[in-house]
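Coordinate analysis (summary)
These are the residues of each chain, in order.
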Amino acid sequence: MGTGIALLVFGLVSTGGGAMCLFNLRGTADKAAARRNAGRAVTAARTMDLSLTEPSQLGAWFFRLMGAFILPAGLALCLVALVLMTEG
């Protein structure tokens, strides 16, 4: 029972996060891409590696693609959790 509840909660959270990235709700994918570029700039300043100062080639499309994978995986986790909770 506890495993089913934990899987259900994890599935719901991943479904919500995947939907936010996939559909770019509240600019989630754009913010993630900007956060990645800012992190690369900080790392470049610390290590004096000038190749990291260029923006990452992975833009918002990458985070939308990840959301497209995470959303159905979260729904599958919810389904598995519901099956576990109803059988036991």
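For the rest of this paragraph, the subject is the confidence of the model for the protein. In the predicted model, the protein carries a mean pLDDT of 93, and the fraction of residues at 70 or more is 99%. The secondary-structure element of the protein with the lowest mean pLDDT is helix α2 (residues 28–47), recorded at 93, while helix α1 (residues 2–22) shows the highest, at 96.

Relative to the helices and strands, A68 resides in helix α3 (residues 60–87). A residue is classified by how much of its surface remains accessible, and A68, at 33% relative accessible area, is partly exposed. Distance in space between the C-alpha atoms of A68 and M20 is 10.0 Å, their sequence separation being 48 residues.

To characterise two packed helices, one gives the angle between the axes of the helices and the distance between these axes. Running from N to C, α1 and α3 cross one another at 155°; their axes reach a closest spacing of 7 Å. In terms of their interaxial angle, α1 and α3 are classed as roughly antiparallel. Crossing angle aside, the handedness with which α1 passes α3 is left-handed. Of the residues in the contact of α1 with α3, the class split is 20 nonpolar, seven polar and one charged.

Attention shifts here to the side chain of S14. Locating S14 in the fold gives a position in helix α1. Non-local contacts of S14, meaning those with residues more than four positions away in its chain, are made with I70 and G74.

About the criteria used
One numbering rule holds for all chains: residues counted from 1, following each sequence as written. For this predicted model, a pLDDT threshold of at least 70 governs which residues receive local features, and a threshold of 80 or more governs which side-chain atom pairs are given and counted, while totals over whole chains, interfaces and linings are taken from all residues. Hydrogens are left out, water is left out, and the side-chain values use all remaining heavy atoms of the structure. Per residue, pLDDT captures the predictor's confidence, and it can take any value from 0 to 100. Counting from the N terminus, the helices are DSSP H or I runs at least four residues long and the strands are E runs at least two residues long. Each residue is placed in one exposure class: buried if its accessible area under a 1.4 Å probe, protein chains only, is under 20% of its type's maximum, exposed if it is over 50%, and partly exposed if it falls in between. Axis definition: a line fitted to C-alpha atoms, limited for helices to the stretch in contact. Angles are taken between N-to-C directions and run from 0 to 180 degrees. Working rule for angles: under 35 degrees goes down as roughly parallel, over 145 as roughly antiparallel, 65 to 115 as roughly perpendicular, anything else as oblique. Take the far helix as the reference: if the near one is turned anticlockwise from it by less than a right angle, the crossing is left-handed, and if turned clockwise, right-handed. Each residue gets one of three labels, nonpolar for Ala, Val, Leu, Ile, Met, Phe, Trp, Tyr, Cys and Pro, charged for Asp, Glu, Lys and Arg, and polar for the others, Gly among them. By definition in these notes, contact holds between two residues if any of their heavy atoms fall within 4.5 Å.

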